[in-house]
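Remarks on the overall topology
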Amino acid sequence: MPNALGLALVLLAASPAIASPDDSRGLRYFFGMGVVMRQAPSELDNLDGLDRTTYTARSIDGQQDLVDREVGPRWRVGLELGQTLYVALDTGFGLTRVPEGAPMAPFRDASSVTMLGVVGARGHVGRGTLGVEVGGGFRHFTYCVGESAERHDVYTGMQKVVEARVRAERAIGRWTTLGGAIGTSLVDDGAWVGTLDVTFRTSLRRRAR
């Protein structure tokens with residue numbers, strides 16, 4: 001992943017500007033929606049540290065790294081600060097595939113909500129754009145562990161999220177683009193994220209001189 005980020009930075013620096021100089025004073029709002037896939041460290045081997053009730057889950061012996069793998073819808077709203085820079089609020093909901101291992105219980109289910117603030121920069125490459133972005137925020141997770149869907153306990157907690165992504169977009173209409181990103185965590189080994197979305201933009205609005 002560091003090689004991909006480095007390549008994106010090189011291409012971003014070398015990409016030509018195809019807009020006029022006045023575009024540097026333009027503002028444009030955008031809204032995107034799509035799907036997000038994420039791998040994050042699981043907290044199922046540390047239930048004692050989470051909010052819990054009375055059910056005691058039976059953990060397996062031995063140390064191992066557990067990860068949550070999830071997929072779900074994603075929404076993104078932001079502001080383009082001229083031709084290159086942009087900021088966004090990125091929110092996703094994930095249905096989590098609970099890892100094998102701790103805890104061993106008849107019923108295990110999980111979900112999460114992730115909210116990130118994003119800062120990015122991009123340049124034009126052919127008919128599309130390529131850029132890099134950094135996001136920071138939190139992931140709120142919920143584990144349901146117990147005997148059944150009717151009889152279980154709920155464990156909740158939060159993780160900090162800091163990640164770097166490479167993002168590419170291609171225009172599919174005057175105000176619409178199809179985009180995707182892949183990224184890696186800057187704080188958790190083995191954590192990654194991938195997204196695919198459609199983004200809608202407003203017309204260019206000039207900044208006051």
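Residues numbered from 1 in each chain as written. Predicted model: local features only at pLDDT ≥ 70, side-chain atom pairs only at ≥ 80, totals over all residues. Heavy atoms only, no water.

**Some points on the overall build of the protein chain**
Applicable threshold: Elements are defined by DSSP. Helices are runs of H or I of four residues or more, strands are runs of E of two residues or more, and each kind is numbered from the N terminus. Only protein chains enter the area calculation, which uses a 1.4 Å probe; residues under 20% of their type maximum are buried, those over 50% are exposed, and those in between are partly exposed. We call two residues in contact whenever any of their non-hydrogen atoms come within 4.5 Å of each other. We get accessible surface area from the Shrake-Rupley algorithm with a probe of 1.4 Å; when it comes to residues, only the shown protein chains can shield them.
Per the secondary structure count, the protein chain includes 1 helix and 9 strands. For the protein chain, the α and β elements follow one another from N to C terminus as α-β-β-β-β-β-β-β-β-β. Considering the protein chain as a whole, with its 209 residues, one finds that 44% of them fall into the buried category. Long-range contacts, defined here as pairs at least 24 residues apart, represent 68% of the contacts in the protein chain between residues at least 6 apart. Carbon together with sulfur atoms contributes 59% to the accessible area of the protein chain, which is approximately 11300 Å² in total.

**Let's talk about the packing of aromatic side chains**
This is how it is decided: Within 6.5 Å between ring centres, the rings of Phe, Tyr and Trp (the latter by its six-membered ring) count as paired, and their orientation is classed by plane angle as stacked under 30 degrees, edge-to-face over 60, tilted in between. Think of it as a cone above the ring: NZ of Lys or CZ of Arg counts as a charge over the ring if it is within 6 Å of the ring centre and within 35 degrees of the ring normal.
Tallied over the entire structure, the rule returns 2 aromatic pairs. Relative to Y86, the ring of F30 has its centre 6.3 Å away and its plane inclined at 80 degrees; by these criteria the two rings are edge-to-face. Taken together, the residues F30 in strand β1 (residues 26-41) and Y86 in strand β3 (residues 85-97) connect sequence positions 56 residues apart. For Y86, a relative accessible area of 5% corresponds to the buried category. Aromatic side chains F141 and Y143 sit 5.2 Å apart centroid to centroid with 35 degrees between the ring planes, which places their arrangement in the tilted category. We note that F141, like Y143, is buried. Taking NZ or CZ as reference, R201 lies 5.6 Å from the ring centre of F30, over its face.

**Some points on the pairing of strand β5 (residues 128-146)**
Threshold: Criterion used throughout: strands pair if DSSP finds at least two bridges between them.
Within β5, 14 of the 19 residues are buried, which leaves the element mostly enclosed by the surrounding structure. Bridge count for strand β4 (residues 107-125) against β5 is 19 bridges, and the pairing is antiparallel. Bridge assignment links L116 to a residue of β5, and that residue is G137. Bridging between β5 and strand β6 (residues 152-171) involves 19 bridges; their strand directions are antiparallel. Bridged to F141 within β6 is G157. In this antiparallel pair of consecutive strands, β5 and β6, the connection spans 5 residues.

**Focus: the nonpolar core**
We apply this condition: Residues enter a nonpolar core if they are buried and are Ala, Val, Leu, Ile, Met, Phe, Trp, Tyr or Cys, with the set joined through side-chain atoms within 4.5 Å.
Core analysis: the biggest nonpolar cluster contains 9 residues, these being L44, L47, V98, A105, A110, F141, Y143, V145 and Y155. Here this core takes 3 residues from β5, the largest share from any one element. Counting 6 residues, the second largest nonpolar core, distinct from the first, contains F30, Y86, L116 and V118.

**Concerning the confidence of the model for the protein chain**
Heads up, the condition is: Note: pLDDT gives the predictor's confidence per residue, expressed from 0 to 100.
Of all residues in the protein chain, 76% have pLDDT values of 70 or greater, and the mean over the chain is 82. Per-residue pLDDT stays below 50 along residues 2-24; that stretch engages in 32 contacts with residues further than four places along the chain or on separate chains. Within the model, the stretch residues 57-62 combines pLDDT values under 50 with 11 contacts to residues more than four positions away or in other chains.

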